[in-house]
Amino acid sequence: MVTVKGGLKKKTVKEIKVDVDKCTGCRSCEMACSSFHAVPKYSSMNPARARIRVVIDELRDVYVPVRAGEYTPAECMGRDKYTIDGKKYDECAFCRASCPSRDYFKEPDSGLPLKCDMCEDDPPQEEPLCVQWCLSDALTYEEREEEEEEEEKPEDLEIGLESLVDKYGLEKIMDTVARMSIAKKG
Ligand code: SF4
Ligand code: SF4
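Conventions and cut-offs
- Residues numbered from 1 in each chain as written.
- Chains lettered and ligands numbered in written order.
- Predicted model: local features only at pLDDT ≥ 70, side-chain atom pairs only at ≥ 80, totals over all residues.
- Heavy atoms only, no water.
- Helix = DSSP H or I, 4+ residues; strand = E, 2+ residues; numbered from the N terminus.
- Buried < 20%, exposed > 50% of the residue type's maximum accessible area, 1.4 Å probe, protein only.
- Near = heavy atom within 4 Å.
- Nonpolar A, V, L, I, M, F, W, Y, C, P; charged D, E, K, R; others polar.
- Phe/Tyr/Trp six-rings, centres within 6.5 Å; stacked < 30°, edge-to-face > 60°.
- Expected span 1.5 Å × (residues − 1).
- Axes fitted to C-alpha atoms, helices over the stretch in contact; angles between N-to-C directions.
- Parallel < 35°, antiparallel > 145°, perpendicular 65-115°, else oblique.
- Contact = heavy atoms within 4.5 Å.
- pLDDT = per-residue confidence, 0-100.
- Salt bridge = Lys/Arg side-chain N within 4 Å of Asp/Glu carboxyl O.

Okay, unusual backbone geometry next. A cis geometry characterises the amide bond from valine 39 onward to proline 40, with omega recorded as -5°. Structurally, proline 40 is set in the loop between helix 1 (28-36) and strand 3 (52-57). With a phi angle near 55°, methionine 118 is a residue other than glycine that sits in the positive phi range. Relative to the assigned elements, methionine 118 resides in the loop between strand 6 (87-89) and helix 2 (129-132). Methionine 118 gets classed as buried once you look at its relative accessible area, which sits at 13%. Backbone geometry at aspartate 137 places phi at a positive 60°, although glycine is not the residue there. Residue placement: aspartate 137 occurs in the loop between helix 2 and strand 7 (139-149).

What follows is about the site of ligand 2. As a matter of local geometry, ligand 2 sits amid Cys23, Thr24, Gly25, Cys26, Arg27, Ser28, Cys29, Val54, Pro65, Cys134, Ser136 and Leu139. Residues that form the shell around ligand 2 fall into these classes: seven nonpolar, four polar and one charged.

This part covers the packing of aromatic side chains. Evaluation of the coordinates by the stated rule reveals three aromatic pairs. Centre to centre, the rings of phenylalanine 36 and tyrosine 42 are 6.1 Å apart; their planes meet at 70°, and the pair counts as edge-to-face. Look at tyrosine 89 and phenylalanine 94: their rings are 5.4 Å apart centre to centre, the planes differ by 50°, and that puts the pair in the tilted class. Taken individually, tyrosine 89 and phenylalanine 94 each receive the classification buried, so the pair is uniform in this respect.

In this model helix 4 (residues 170-185) runs 23 Å from its N-terminal to its C-terminal C-alpha over 16 residues, within 8% of the 22 Å that 1.5 Å per residue would give. Within helix 4, only one of the 16 residues are buried, leaving the element largely exposed.

This part covers the site of ligand 1. Neighbouring ligand 1 are 13 residues, the closest being Cys33, Cys116, Asp117, Cys119 and Cys130. For the shell around ligand 1, the class distribution of residues is nine nonpolar, one polar and three charged.

This part is about the packing of helix 3 (residues 156-168) against helix 4. Helix packing for two helices is described by the angle between their axes and how far apart those axes are. Running from N to C, helix 3 and helix 4 point in directions that differ by 115°, and their axes come no closer than 7 Å. Taken together, the axis directions place helix 3 and helix 4 in an arrangement best described as roughly perpendicular. Contact with helix 3, carried on its side by Leu164, Val165 and Tyr168, involves Leu170, Lys172 and Ile173 of helix 4 and no other residues of that element. Among the residues forming the contact of helix 3 with helix 4, the class breakdown is five nonpolar, no polar and one charged.

Taken over all residues, the pLDDT of the chain has a mean of 87, while the share at 70 or more is 94%. Confidence drops under pLDDT 50 across residues 1-5; counting only partners more than four residues distant or on other chains, this segment forms 11 contacts.

Right, let's get into the side chain of histidine 37. Here histidine 37 lies in the loop between helix 1 and strand 3. Those residues in contact with histidine 37 that lie beyond four places of it in its chain are Arg51 and Asp117.

Pairing between side chains becomes possible if they bear opposite charge and their charged atoms approach one another. Tallying each qualifying case throughout the model produces 12 salt bridges. Note that lysine 115 and glutamate 70 form a salt bridge whose closest N and O atoms lie 3.1 Å from each other. Taken together, the residues lysine 115 in the loop between strand 6 and helix 2 and glutamate 70 in the loop between strand 4 (62-67) and strand 5 (82-84) connect sequence positions 45 residues apart. A residue is classified by how much of its surface remains accessible, and lysine 115, at 30% relative accessible area, is partly exposed. Residue glutamate 70 is classed as partly exposed on the basis of its relative accessible area of 46%. Each member of the salt-bridge network shares a partner with another, and the members are Glu15, Arg144 and Glu146.

What follows is the structure in structure tokens.
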């Protein structure tokens, strides 16, 4: 929720705290998220469509929930390497971005980027679905108020279109839209 006050925006910052020591790797968070965002809502459960995924190493009892962040059209110039309890994890394992170098956080059919929306809805959820379904309390939810300068941010539609243009090129997208619009009118 955003309110304007003398050039400054007062906004509610939503925060999901992750306690990896409490995560059991049950993946209920993935199920709940994918089900909530299914079309129609709750019509299917498919972790590949979830905006959260759990990085799992069963042998070492390591489970790390990661929520999808921003889409980025470019790969990183470098890579992070994590070692936890002596086990090395893949490059990009804990990254939140939807990017060209991997399939995580992309809608499986369309390739469109998926981003956690903190379960924005009308009316809004009291708590994000993944938090509600995390019975181990590995995920907990908090809200706080912050003030910031006004700034225009791209809409979700713009981000989705940008990723399609990156993937197929502007000309192909424009041709497809033109064809679809003629078919709709006809
Ligand atoms: S907050 Fe909502 S959208 Fe984000 S990962 Fe959790 S269930 Fe999915
Ligand atoms: S629901 Fe909670 S305990 Fe289960 S995998 Fe997700 S974060 Fe971990």
